[in-house]
Amino acid sequence: MLKLRVPCTYQGGKQRISRQIARILLEAADRNTVFYDLCCGSGAVSIELVSEGVEPERITMLDLSSWGAFWQKVGRGTFDLAYFDKLLSTVPEDKHQVKTFMTALAARQFSLAHEAELYLLLQSCSFGGKQIWYDGRRWVNAFFRDYWEPTEHSVRRSPANPMQPGSAELRRRLCALIDGMNGVTCFKQDIGFVLSQEIPQNAVVYVDPPYQGTTGYAYGFDLHDFCSSFRAKSKAQLFVSEGRQISEYAVQLNLGGAKGGISGNRIGKHQEWLNVF
C-alpha cells in the first residue's frame, strides 16, 4: 500500500503531531476498540491510525464541513476519480495563472453530488491553507495562493507553488487514500449528532475542535458543553486537542520543526495539548 498522507495543506490539521496522538489513542485501546475522530478535517489522526494497523472499519469520522463529504465518499468507495481528473486537467500549467483560474472555478455553479471532488482541488490552493467551505450558496473564504518567488531579502530561497501539493502529488495521495481508507464510516454532521448515537464503552473518542480564540473555520461549538454532555452519556475514553491544557490530565505534544515561515518573522510556536476527560 502506498504511504498514506493528508490530501493537501490545511491550517489546523494535525499532520505534524498525528503519530504522537495516534499512539496515545492506541495505548488506551484494545484489539476490539472502535475509534471516533470528531471534527476530523483533513483526517490526519485517522490516517495515522490506519498506518499503525487499525482496520478502517473500526474508525468513525465526523465533520460538518466539506471534509465530511470527502471522507464519506472515500469510506464508501464512491469518490469520482474520473470527475476529479477532469477538473485537474483544466488547471493551467503556468503557475502564475492558477490563482485566477481557481477564483473563477470557485464562482461557478456545481452539483452538490461533486462537492467532495471540487472541494479537494480548491482547498489544495487555499491561501495559507485556511479552510474553504460551502455555505449552501457559495464557497466561503475562497482565497487562493499566488505563485511566490523569493526576493533577495526572503528567508525562504525556493518558490512557493500555488498548489500544495502539486497536481501529480495531490493525485497520488488521493489514490492512496481511496485505497487505504476505504471502509471508514464518516458522517457529514454537526458534532452533536454523536450524542444521539450509542457509543461503545470501550471506544476511544478523539475531538479536534476549532481552538478557542481562533477564527476562519466554518463551524464551531461549545466544547465544554459537549464534553459534559458526552461524559453524562458515555464512559468511553475522551481525548480533546487544544492549544492549552483544559483538563486535569493532559499531555503536551512535541511540535518540532523550525519557527519561521516564509517571512521568518514568527517569534515562537503555539502549543498543542492532548487533554483527557
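Residues numbered from 1 in each chain as written. Predicted model: local features only at pLDDT ≥ 70, side-chain atom pairs only at ≥ 80, totals over all residues. Heavy atoms only, no water.

A few words on the overall build of the protein. Along its length, the protein carries eight helices and nine strands. Rg of the C-alpha trace for the protein: 19 Å, near the compact-globule value of 19 Å for 277 residues, within the 12% margin. Seen through its C-alpha atoms, the protein measures out along the principal axes to roughly 55 × 45 × 35 Å. Classification of the 277 residues of the protein by burial places 46% in the buried group. Total accessible area on the protein stands at roughly 13900 Å², and carbon and sulfur atoms take up 50% of it. The centroid of the 31 positive side-chain charges in the protein is displaced by 4 Å from the centroid of its 28 negative side-chain charges. (Helix = DSSP H or I, 4+ residues; strand = E, 2+ residues; numbered from the N terminus. Rg over C-alpha atoms; globule rule 2.2 N^0.38 Å. Buried < 20%, exposed > 50% of the residue type's maximum accessible area, 1.4 Å probe, protein only. Areas by Shrake-Rupley, 256 points an atom, 1.4 Å probe, with all protein chains shown as cover. Lys, Arg positive; Asp, Glu negative; His and termini not counted. Charge placed at Lys NZ, Arg CZ, Asp CG, Glu CD.)

Further remarks concern the confidence of the model for the protein. Per-residue pLDDT for the protein averages 91, and the proportion of residues at 70 or more is 91%. This stretch, residues 258-268, has a pLDDT under 50; its non-local contacts, to residues over four places away or in other chains, come to 13 contacts. (pLDDT = per-residue confidence, 0-100. Contact = heavy atoms within 4.5 Å.)

By secondary structure assignment, the location of Phe 35 is in strand E1 (residues 35-38). For the pair Phe 35 and Pro 150, spaced 115 residues apart in sequence, the C-alpha to C-alpha distance is 44 Å. Filtering out sequence-adjacent residues up to four positions away, Phe 35 remains in contact with Leu 25, Leu 26, Ala 29, Leu 49, Val 54, Arg 58, Ile 59, Thr 60 and Val 204.

Glancing now at the packing of helix H3 (residues 66-76) against helix H7 (residues 167-180). At a closest axis distance of 7 Å, the pairing of H3 and H7 adopts a crossing angle of 55 degrees. With respect to H7, the element H3 is oriented oblique. Facing H3, whose interface residues are Phe 70, Trp 71 and Val 74, H7 presents Leu 174, Leu 177 and Ile 178. (Axes fitted to C-alpha atoms, helices over the stretch in contact; angles between N-to-C directions. Parallel < 35°, antiparallel > 145°, perpendicular 65-115°, else oblique.)

A few words on the side chain of Glu 48. Mapped onto the elements of the fold, Glu 48 is located in helix H2 (residues 44-51). Among the residues examined, Glu 48 registers a relative accessible area of 13% and is labelled buried. In this view, Glu 48 contacts Ser 18, Arg 19 and Ala 22; residues no more than four positions away in its chain are not counted.

Grouped together as the largest cluster of nonpolar side chains are 60 residues, with contacts concentrated most on Phe 70, Trp 71, Met 102, Leu 121 and Trp 139. If you tally residues by element for this core, the top one is helix H6 (residues 115-123), at six residues. Excluding residues that lie within four positions of it along the chain, Met 102 makes contacts with Val 91, Leu 121, Leu 122, Cys 125 and Phe 144. Counting residues in each nonpolar core, the second largest holds 17 residues, with Tyr 36, Leu 38, Val 194 and Ala 203 among its members. (Core = buried A, V, L, I, M, F, W, Y, C linked by side-chain atoms within 4.5 Å.)

On to the sheet that holds strand E8 (residues 249-252). Sheet architecture is open: seven strands sit in the order E5-E2-E1-E6-E7-E9-E8, paired in mixed fashion. The open sheet has two edge strands with one neighbour each: strand E5 (185-187) and E8. Looking at each pair of strands side by side, their axes are set apart by 20 degrees on average, direction ignored. For E1 and strand E2 (residues 59-62), the ladder comprises four bridges, and the chain directions are parallel. Residue pairing across strands places Leu 38 opposite Leu 62, the latter belonging to E2. Sheet strands touched by H2: E1, E2 and strand E6 (204-207). Its angle to E2, the strand with the most contacts, is close to 170 degrees. (Pairing = 2+ DSSP bridges.)

With that settled, the discussion passes to the packing of aromatic side chains. Tallying each qualifying case throughout the model produces 13 aromatic pairs. A centroid spacing of 4.8 Å and a plane angle of 50 degrees characterise the contact between Phe 187 and Phe 193, whose relative ring orientation is tilted. Looking at Phe 187, the relative accessible area reads 29%, which means it is partly exposed. Under the relative-accessibility criterion, Phe 193 is labelled partly exposed at 22%. Ring centres of Phe 221 and Phe 226 lie 6.1 Å apart, and the angle between their planes is 75 degrees; this geometry places the pair in the edge-to-face category. (Phe/Tyr/Trp six-rings, centres within 6.5 Å; stacked < 30°, edge-to-face > 60°.)

Attention now goes to helix H5 (residues 98-107). Those residues of H5 that sit buried are Val 98, Phe 101, Met 102, Leu 105 and Ala 106. Along the long axis of H5, the arc covered by the buried residues comes to 130 degrees, so they all point the same way. Opposite the buried face of H5, by more than 90 degrees, sit the exposed residues Thr 100 and Ala 107. In this fold, the buried residues of H5 make contact with helix H4 (81-89), H6 and strand E4 (139-140). (Arc of directions from axis to C-beta.)

With that settled, consider the packing of helix H1 (residues 18-27) against H2. A pair of packed helices is characterised by two quantities: the angle between their axes and the separation of those axes. It is the contact of H1 with H2, at a shortest axis distance of 9 Å, that shows an interaxial angle of 65 degrees. Crossing handedness for the pair H1 and H2: right-handed. Across from Ser 18, Arg 19, Ile 21, Ala 22, Leu 25 and Leu 26 in H1, the residues of H2 making contact are Ala 44, Val 45, Glu 48 and Leu 49. Broken down by class, the residue content of the contact of H1 with H2 amounts to seven nonpolar, one polar and two charged. (Left-handed = near helix turned anticlockwise from the far one by under 90°. Nonpolar A, V, L, I, M, F, W, Y, C, P; charged D, E, K, R; others polar.)

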